[in-house]
Each structure stands twice: as structure tokens, then as C-alpha cells.
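# Observations on the model geometry
Now for the letters of each chain:
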Amino acid sequence: TLTDTPTRARQEQARRLLEHRQAQQHPAHLLRHVACVDSTTGERFHFQLEDETDGWYWQRTLLDEWMAASKHVCLKARQIGITWLGGGLALWTMLYTPGSQVLVVSVNETEAIKVVNRIWDMLQSLPPHLWNGGRVIKPLKARPSAEIHVQFPDGRVSVLRGLTSTPYAGHGSTAALVLLDEFSRQPYAAETWKAVLPT
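This one's a predicted model, so the numbers in the text were calculated from it and none came from an experiment. (Residues numbered from 1 in each chain as written. Predicted model: local features only at pLDDT ≥ 70, side-chain atom pairs only at ≥ 80, totals over all residues. Heavy atoms only, no water.)

Let us now look at the confidence of the model for the protein chain. Per-residue confidence for the protein chain gives a mean pLDDT of 90, with 95% of residues at or over 70. Strand β5 (residues 147-151) holds the highest mean pLDDT among the elements of the protein chain, 98, whereas helix α6 (residues 189-196) holds the lowest, 81. (pLDDT = per-residue confidence, 0-100. Helix = DSSP H or I, 4+ residues; strand = E, 2+ residues; numbered from the N terminus.)

Each pocket or cavity is described by its volume, and for the largest pocket that value is around 1100 Å³. Of all the elements in the fold, those that place two or more residues in the lining of the largest pocket are α3 (58-68), α4 (82-96), β7 (177-180) and α6. Tallied by class, the residues present in the lining of the largest pocket amount to 22 nonpolar, 8 polar and 6 charged. Around the second largest pocket, the lining is made up of 27 residues, and of these D38, Q79, G81, W84 and R118 lie nearest the centre. Listing elements by their share of the lining of the second largest pocket, those giving two or more residues are α4 and α5 (109-125). When the residues that make up the lining of the second largest pocket are grouped by side-chain class, the tally is 8 nonpolar, 9 polar and 10 charged. (1 Å grid on protein atoms, 1.4 Å probe; cavity = no way out; pocket = protein on both sides within 12 Å on 5 of 7 lines; lining within 4 Å. Points joined across faces, edges and corners; volume = space filled by probe spheres on them. Nonpolar A, V, L, I, M, F, W, Y, C, P; charged D, E, K, R; others polar.)

Note on aromatic pairs: each is described by the distance of the centres and the angle between the planes. Tallying each qualifying case throughout the model produces 3 aromatic pairs. Measuring from centroid to centroid gives 5.2 Å for F45 and W84, while their planes differ by 85°, and the two rings are edge-to-face. Taken as a pair, F45 in strand β2 (residues 44-45) and W84 in helix α4 lie far apart in primary sequence, 39 residues in all. Measuring from ring centre to ring centre gives 6.2 Å for F183 and W193, while their planes differ by 45°; the resulting arrangement is tilted. Linking F183 in the loop between β7 and α6 with W193 in helix α6, this pair joins segments that are 10 residues apart in sequence. (Phe/Tyr/Trp six-rings, centres within 6.5 Å; stacked < 30°, edge-to-face > 60°.)

What the rule picks out here adds up to 11 salt bridges. Salt-bridge contacts for D121 lead to R143; the nearest nitrogen and oxygen are separated by 2.8 Å. Separated by 22 residues along the polypeptide, D121 in helix α5 and R143 in the loop between β4 (135-138) and β5 bring together distant segments of the chain. Look at D121 and you get partly exposed, because its relative accessible area is 30%. Using a relative accessible area of 46% as the deciding quantity, one classes R143 as partly exposed. The salt bridge partner of E147 is K138, with a shortest N-O separation of 3.4 Å. Overall, the relative accessible area of 39% leaves K138 in the partly exposed class. Each of E12, R15, R16 and E19 takes part in salt bridges that share partners, so that together they form one network. (Salt bridge = Lys/Arg side-chain N within 4 Å of Asp/Glu carboxyl O. Buried < 20%, exposed > 50% of the residue type's maximum accessible area, 1.4 Å probe, protein only.)

Here it is, written out as C-alpha cells:
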């Protein structure tokens, strides 16, 4: 009936507000709304960070460890979704710490662009009410190459930047989060570690 419409609208508004507040509190609440696409199979998948009975719930424990520590080194197997999870944390940091810079240092330029594009796709899959008022100002039309800039209503801009492993990657930068992707394969790992540690 017509009288139900305002009630439904208020319920929807309340639901969105609750989801936004939850997303502010912890990245797991944001990531449940993210859709990821496996570049090998084209299959869509979602994070399973809130259901303790799910076989992938162990990623929540790792995410909590990341949130609690200022530094974290993770020795891991390949193909278990850690880069996806790190990308999710990068997305949350960019959206819910307006004005922040997030650096992703990868083995080479191609790999850096791949990670930035994963995060771009995750951002694009989010409903607008979880963007925390942000809007993309770079790139404007094409997919990103190495940077994403999101501006917030108060003028602050968060930047996600993909970098290639070099002796100076991240040197002189300040960042809210630095992801050293495939760090054991990076040719300048020791130099990169020294460069990003002060950030």
C-alpha cells in the first residue's frame, strides 16, 4: 500500500546507516559487501570474515592481527587470498581514514598495477553508502594504472599508490598503510624495508 512506502524508506535508510557505522568500526564489516573477481577463472567471490564456521574465516584472525600491530610479516603459502585481504584493508583505510595515503609495493610495475586494479574493482563493487562520502577524482574514466584518488566532502583526499620495488620505493613518504606484496620476491627487499619503516 502507499502508506507502507515511507516506512520502507525509513527502514532502508536505517539499514544503510547501520552498515556504514559497522564498516567504520572494522574492515571485516566493509568487506562483507565487496565482490571480488578471480582473474584466472572470472568467478566472483566474497570474503567470509564474519562466519566462524566458514573454512575461510581464518582470514579474519589475520585481519585482526594486522589491525592490532604496527608491523606484520606473514610467511604464507601462495594462492590463499592474502593479497586480496591486504587489498581489502587498503580499501578500508583509504575510505575510512580520509586524507590517508596507502602504498602497495610490488615486484614490478605489472604486479603493482594488478593489485591497484583489484582494489579498484573492490571499490566499484561497494554500494555508494559505504564509500563514506568519498568520490573518485582519479582516474576519471579509465581503469587506474598506479593510483586511485578519493576526495571526501571536507576536501581531504585519500591516495592509493602502487609502486615498483626499487631501492627508493616509499622513501620519504608518509603513509597510513604500506603493503609489501610478494615481498620475498622483491629484488630490493632490504632497501625497501629500510625506506618504508619510518613511514
